[in-house]
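Okay, here's what each chain looks like letter by letter:
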Amino acid sequence: MRTNWHDYDWQLLRNGPLSPNLHMALDEVLTYEVGAGRRKPTVRIWEWGALAVVIGRYQSVKNEVDPENLGRYGFEVVRRISGGGAMFIEPGNTITYSVYAPQELVAGMSFQESYALMDSWVLEALKTLGIKAWYQPINDITSEGGKIAGAAQTRRGGAVLHHVTMAYDIDAAKMVQVLRIGREKLSDKGQTSAQKRVDPLRSQTGLPRAAVIDRMIETFDDLYGLNRDELKPEELEAARNLAETKFSRKEWIYIIP
Amino acid sequence: MHGEYKTPGGKLVVVDLEVYTGRLARVQVSGDFFLEPEEALDRINAALEGLPATSDEAEIAQAVRQVTAHAEMIGFSPEAIAVAVKRALSS
């Protein structure tokens, strides 16, 4: 049976900067914790501790990044557990969040529907900031000016993980040097330049990054209620172990070279 | 050999492969698609391995379909993989 947002006592995690690998690991750990019922459904706001390119579970490293420019600009490649495309992460330019929910919240829904549902509160928050945004199936949040955010989902251990990276600001010239964005990928978008595809929140809102995040949290709280929470020591410990034994390892990052 | 195909309104499928003695070898499917469970990718690669390089799109798609009956493919399809394979073969 399908549940709804109001059936849960939502928790908020908002930590200081963490390494990209630890973020990957926390997403896996917290998804299983929510699925197992040891943690209440949770929204996590990320702060990035380093420059990174986050590639999807099924992407090829060599197809997505330019190794020379990656090193030159000091980016590392990390691979997440969900599918989808590469994300170009500069800490101050990016707003990233995860939602961990019991799978019942999206029971019986198509993937398209569940993506839109999981970000409905974000569209509401953007609306209060004067941004008319909508869901562009399968997994983009977009506005008239272009793409604002990309989402990815995976379902594990009885829970759904929905995580999203939004462009607060973007150094598009650097992005196209670090990421390889092939012609085939743009073939049905009617765009020839990767720069044109992203429309960042900074220029649209004129607000500091933290203020945009605050508004997102307020909106979620208004809609469904949200209680401030902290990572449990055992969750952090499990994530540190997983970052070391899986996410930082070449066997995982280069699982598709 | 390398081929790419983007499903209109969907996701990019990339295929890297070689041909040994007329058959597909070292096949690697990748892309920005969504797939559950993750192990399904290994089954797709294995299903393509050893197919005659002269296979047509329908035959390639059928080989993929046989191993993805219980998988969820979002933003791509057996047919999209077949197009990318054919493009790799003619690259």
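Residues numbered from 1 in each chain as written. Chains lettered and ligands numbered in written order. Predicted model: local features only at pLDDT ≥ 70, side-chain atom pairs only at ≥ 80, totals over all residues.

Topic: the overall build of chain B
- Summing up its helical and strand segments, chain B has three helices and five strands in all.
- Reading chain B from its N end, one meets helices and strands in the order β-β-β-β-α-α-β-α.
- For chain B, the C-alpha radius of gyration of 12 Å lies close to 12 Å, the compact-globule estimate for 91 residues.
- Based on the C-alpha atoms only, the size of chain B along its principal axes is roughly 35 × 25 × 20 Å.
- Looking at chain B as a whole, 45% of its 91 residues are labelled buried.
- Of the contacts made within chain B by residues no fewer than 6 positions apart, 58% connect residues no fewer than 24 positions apart. (Helix = DSSP H or I, 4+ residues; strand = E, 2+ residues; numbered from the N terminus. Rg over C-alpha atoms; globule rule 2.2 N^0.38 Å. Buried ≥ 20, exposed ≤ 12 C-beta atoms within 10 Å, placed from the backbone. Contact = placed C-beta atoms within 7 Å.)

Section: the sheet that holds strand S7 (residues 133–136) of chain A
Residue and element names in this part refer to chain A.
- Taken together, the eight strands give an open sheet; going across it, the order is S7-S8-S9-S10-S6-S2-S1-S11, and neighbouring strands pair in mixed fashion. Looking at strand neighbours, the two that pair on one side only are S7 and strand S11 (227–228), the edges of this open sheet.
- Across nine bridges, the pairing between strand S6 (residues 94–102) and strand S10 (residues 159–167) is antiparallel. Bridge pairing in S10 places Thr96 opposite Thr165.
- Most of the contacts of helix H1 (residues 20–35) go to S10, to which it runs at about 145°, and overall it touches strand S2 (42–46), S6, strand S9 (146–156) and S10. (Pairing = 2+ DSSP bridges. Axes fitted to C-alpha atoms, helices over the stretch in contact; angles between N-to-C directions.)

Let's talk about helix H3 (residues 78–89) of chain B
Residues and elements named next belong to chain B.
- The terminal C-alpha atoms of H3 lie 16 Å apart, and with twelve residues this matches the ideal 16 Å at 1.5 Å per residue to within 8%.
- Along H3, the positions that sit buried rather than exposed are Pro78, Ala80, Ile81, Ala82, Val83, Ala84, Val85 and Ala88.
- Looking at the buried residues of H3, the elements they touch are strand S1 (2–6), strand S2 (12–20), strand S3 (23–31), helix H1 (40–48) and helix H2 (57–65). (Expected span 1.5 Å × (residues − 1).)

Some details on the pairing of strand S1 (residues 11–14) of chain A
Residue and element names in this part refer to chain A.
- Examined bridge by bridge, S1 and S11 share two bridges and lie parallel to one another. What sits directly across from Gln11, in S11, is Asn227.
- Where S1 meets S2, four bridges bridge the pair, whose relative direction is parallel. For Gln11, the partnering residue across the bridge sits in S2 and is Thr42.
- Handedness of the β-α-β unit built from S1, H1 and S2 comes out right-handed. (Right-handed = clockwise from strand over helix to strand, strands pointing away.)

Thoughts on the sheet that holds strand S5 (residues 87–89) of chain A
Residues and elements named next belong to chain A.
- A sheet is described by the order of its strands in space; here three strands give the open sequence S4-S3-S5, paired in mixed fashion. The sheet is open, and its two edges are formed by strand S4 (76–79) and S5, each paired on a single side. Averaged over all pairs of adjacent strands, the angle between strand axes in this sheet comes to 25°, irrespective of strand direction.
- Pairing of strand S3 (residues 52–55) with S4, which is carried by four bridges, proceeds in the parallel orientation. Counted as the bridge partner of Val54 is Val78 from S4.

What to know about the pairing of strand S8 (residues 140–143) of chain A
All names here are of chain A.
- Across four bridges, S7 lies against S8 in antiparallel orientation. Looking at S8, one finds that Tyr135 is bridged to Ile141.
- Between the end of S7 and the start of S8, which pair antiparallel, lie three residues.

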